[in-house]
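# Understanding the architecture of this molecule
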Amino acid sequence: MMDLVTILLPILDSTMRLATPLLFACLAGLFSERAGVFDIGLEGKMLAAAFFSAAIAYTSGNVWLGMLAGIAASIALSLIHGLASITFRGNQLISGVAINFLAAGMTVLVAQDWFKQGGRTPSLQGDARFGPIEFPGAAALADVPVVGPIYSELISGHSFLVYIALLAVPATWWILYRTRYGLRLRAVGENPAAVDTAGVSVIGLRYSAVLICGLLCGLAGAYLATGLQAGFVKDMSAGRGFIALAALIFAKWRPWHALGACLLFGFLQALSLRPDAVKILTRVDIPVQLLDALPYILTVVILAGFVGKAIGPRAGGEAYVKER
Amino acid sequence: MDKMPHWADIVLIPIISLILAAFFSALVILAIGESPVAAFTLMVEGALMRSAGWGYTLYYATNFMFTGLAVSVAFHARMFNIGGEGQAMIGGLGVALVCLYIPWPHWSLAILGASAGAAIFGAAWALIPAYLQAKRGSHIVITTIMFNFIAAALLNYVLVNLLRPVGAMDPASAKFPSGTHLPTFRDMFSTADNILFRGSPANVTFFLAIAACVLVWFLIWRTRLGYELRAFGHSESGAKYAGISPVRITVIAMLISGALAGMMAVNTTMGESERLILNATEGAGFIGIAVALMGRSHPFGVFLAAILFGFLYQGGAELALWTSIPRELIVVIQALVILFTGALDNMVRMPLEKMFLALRRRKA
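Calculation rules
- Residues numbered from 1 in each chain as written.
- Chains lettered and ligands numbered in written order.
- Predicted model: local features only at pLDDT ≥ 70, side-chain atom pairs only at ≥ 80, totals over all residues.
- Helix = DSSP H or I, 4+ residues; strand = E, 2+ residues; numbered from the N terminus.
- Rg over C-alpha atoms; globule rule 2.2 N^0.38 Å.
- Buried ≥ 20, exposed ≤ 12 C-beta atoms within 10 Å, placed from the backbone.
- Contact = placed C-beta atoms within 7 Å.
- Axes fitted to C-alpha atoms, helices over the stretch in contact; angles between N-to-C directions.
- Parallel < 35°, antiparallel > 145°, perpendicular 65-115°, else oblique.
- Left-handed = near helix turned anticlockwise from the far one by under 90°.
- Nonpolar A, V, L, I, M, F, W, Y, C, P; charged D, E, K, R; others polar.
- pLDDT = per-residue confidence, 0-100.
- Expected span 1.5 Å × (residues − 1).

Before going further, it helps to examine the overall build of chain B. Helix and strand counts for chain B come out as 15 helices and zero strands. The C-alpha radius of gyration computed for chain B amounts to 21 Å, which stays within 12% of the reference 21 Å derived for 364 residues, consistent with globular compactness. If you line up chain B on its principal axes, its C-alpha atoms span 75 × 55 × 35 Å. Counting only residues that meet the buried cut, chain B has 53% of its 364 residues in that class. Summarising the internal contacts of chain B: among those between residues at least 6 apart in sequence, 75% fall at separations of at least 24.

Here is the structure:
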């Protein structure tokens, strides 16, 4: 039993940390897609935010300024997405692809220009990073069997943004299902013509959703570069935007389920970092590559509708044309 | 009546989009403290002024023709195949198996076998997303993205655990036997005292890519299947009433698309590295999207756009070599091309349409 705790606890601990950027990005996608704007550019926004938060945190020595810069960069890309897919009624998927490449290229280009370290930022130290927050009594309780390590390692001792991500889940639920804004947001993703008839601006609502998406992707990126890791490296988002997208589908566009999906996918990521632990736990030699691919395979299975069908917002991906 | 003449649609809009992309790229170069004119001159010199430069440009162009055609065929049936990258990876696996386990007497036979292997494996990788789209209504874009990642994991597993020679450290297959060596441009065009295309990877697959362009053109505009494909892309319900099966067309379009993307591996895996390596595709599957958008999904347009991107790729490598501009500049240019020719198409189109309507009114 103790053995299990000593193996599992570090994995669960890193699950929390690895799930955080997924959760931010997943909720970001949830706002956007619930409003009827597909977003496969989560990855790019996260990457841009990671770079700018690390860059500004390094130059100013202040992680909060870095975070704001990351959010600003992510929102700027969101506005491009909004311009292309809402104002000019372009293809939302193509716009997302363009944003991913724009971020992948620009971050390295600017990083090379600013820091001349081959497309990365110098590593961050001290106040330029989000440090762990120790909960009261964590140190005192650490020696209590089972409960102590869980409290002091798993629950306490994460950085600020981990807790914000967890709080964002009920907040998203509340906004979506308990406010007038949320009702309209969901309606505009299902039937924009009805919202328009009721005298609410479809374009305004969709832009607001895309901006919230940018804000949350900005937090995801800021956490990646200043919380999870200490600085920006090229392509550091490493497909997390797409895993978040997978989690969003897996969760069928619902906030609480998104938390579950992100924790599951974060757990899989944590496992693939510890192949030795997997072997001890399962007594089977599971290839690391299978663990890497599992979030995507699960999503395809869900999409295939063999285990509960995933149906997205009905007006998703389509620009709204008023004069019809 | 159309809002504007056909030539404006296929020539003017891509050119304006290209100019916009070039303008913003120039701004980016300026912003990082380099001269756009000097950068462009360097790119032209490195990519087009020497035969070795052309050898690289055409090598990259070969990849982009295949992936561009792959995206185009799917576009004609109004599907967005974003999975060219994964299909090309798995196509590479097909090429490797064919080259490693069949003793080929001559390259001319080997290239046929390898093309078949690449096409079959690429098509197979597109089959599941196609089936899911056709039968279960799962969105092809999402499934093909997922399949890109699954392909990368699968290839990693196969290379590390199955195909890696005993004792080798890097995740790659054994070297292909010499019977599969494809003639490079240097082998083909050099004379005893004038060596051309020195050290560059362009090879006979380039002509295979041109043949693929012609074949795709024939398929789309001169066959019944191509007509059905375009009809389906134009209006799904219309095609259904005309007796065209959506399931059949979706699956066939994606199989062709996957096969074309897979065939890119003949160029990279058989023509260049001569063994299967982990990152043989290098994002060419995604560049296919830019190429198809730029080329307006027409094989001739794809051909031109592929050469343009081949030039950008080779020119970008030269820039990275001689200046402080990293190779990622090309990724930015690629993003801008996708943005302006794809997503912001209406931004260019709407004012133009207004202009042409005004012109016509004045004439009338």
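Two quantities define a packed helix pair, namely the angle between the axes and the distance from one axis to the other. Residues and elements named next belong to chain A. At their nearest, the axes of helix H2 (residues 42-60) and helix H10 (residues 202-228) sit 7 Å apart, and the two run at 55 degrees to each other. In terms of their interaxial angle, H2 and H10 are classed as oblique. The element H2 and its partner H10 pack so that their crossing is right-handed. Of the residues in H10, those in contact with Leu42, Lys45, Met46, Leu47, Ala48, Ala49, Ala50, Ser53, Ala54 and Ala57 of H2 are Gly214, Cys217, Gly218, Ala220, Gly221, Ala222, Leu224, Ala225 and Thr226. When grouped by side-chain class, the residues that make up the contact of H2 with H10 number 13 nonpolar, five polar and one charged.

Between chain B and chain A, the contact holds 35 residues from the first and 37 residues from the second. Counting only elements with at least two residues in the side of chain B that touches chain A, the list comes to helix H5 (107-136), helix H6 (140-163), helix H14 (329-343) and helix H15 (345-363) of chain B. By residue number, the principal contributor to the side of chain B that touches chain A is H6(B), which donates 10 residues. By residue class, the composition of the side of chain B that touches chain A is 24 nonpolar, eight polar and three charged.

Even without being glycine, Lys116(A) reaches a positive phi, approximately 50 degrees. Along the chain, Lys116(A) falls in the loop between helix H4 (92-115) and strand S1 (132-133).

Moving on, we get to the environment of Ala253(B). Residues and elements named next belong to chain B. Inspection of the secondary structure puts Ala253 in helix H11 (residues 246-273). You can call Ala253 buried: it has 26 C-beta atoms within 10 Å. Considered as a pair, Ala253 and Ile210 are 43 residues apart in the sequence and their alpha carbons are 20 Å apart.

Before going further, it helps to spend a moment on the packing of helix H7 (residues 160-178) of chain A against helix H8 (residues 180-190) of chain A. Residue and element names in this part refer to chain A. The N-to-C vectors of H7 and H8 enclose an angle of 80 degrees; their axes lie 5 Å apart at closest approach. Here H7 lies roughly perpendicular to H8, going by the angle between them. Judged by residue contacts, Ile175, Leu176, Tyr177 and Arg178 of H7 engage Tyr181, Gly182, Leu185 and Arg186 from H8. Here the contact of H7 with H8 is built from residues that sort into five nonpolar, one polar and two charged.

Scored by pLDDT, chain B comes out at a mean of 91, with 99% of its residues at no less than 70. On the interface metric, ipTM, the complex scores 0.91, and its pTM is 0.91.

Our next topic: H4(A). Residues and elements named next belong to chain A. The terminal C-alpha atoms of H4, which comprises 24 residues, lie 34 Å apart, in line with the 34 Å expected from a rise of 1.5 Å per residue. Among the 24 residues of H4, 21 are classified as buried, and the element is accordingly described as predominantly covered. Downstream of H4 by a residue or two, Lys116 has a phi angle that is positive, lying close to 50 degrees.

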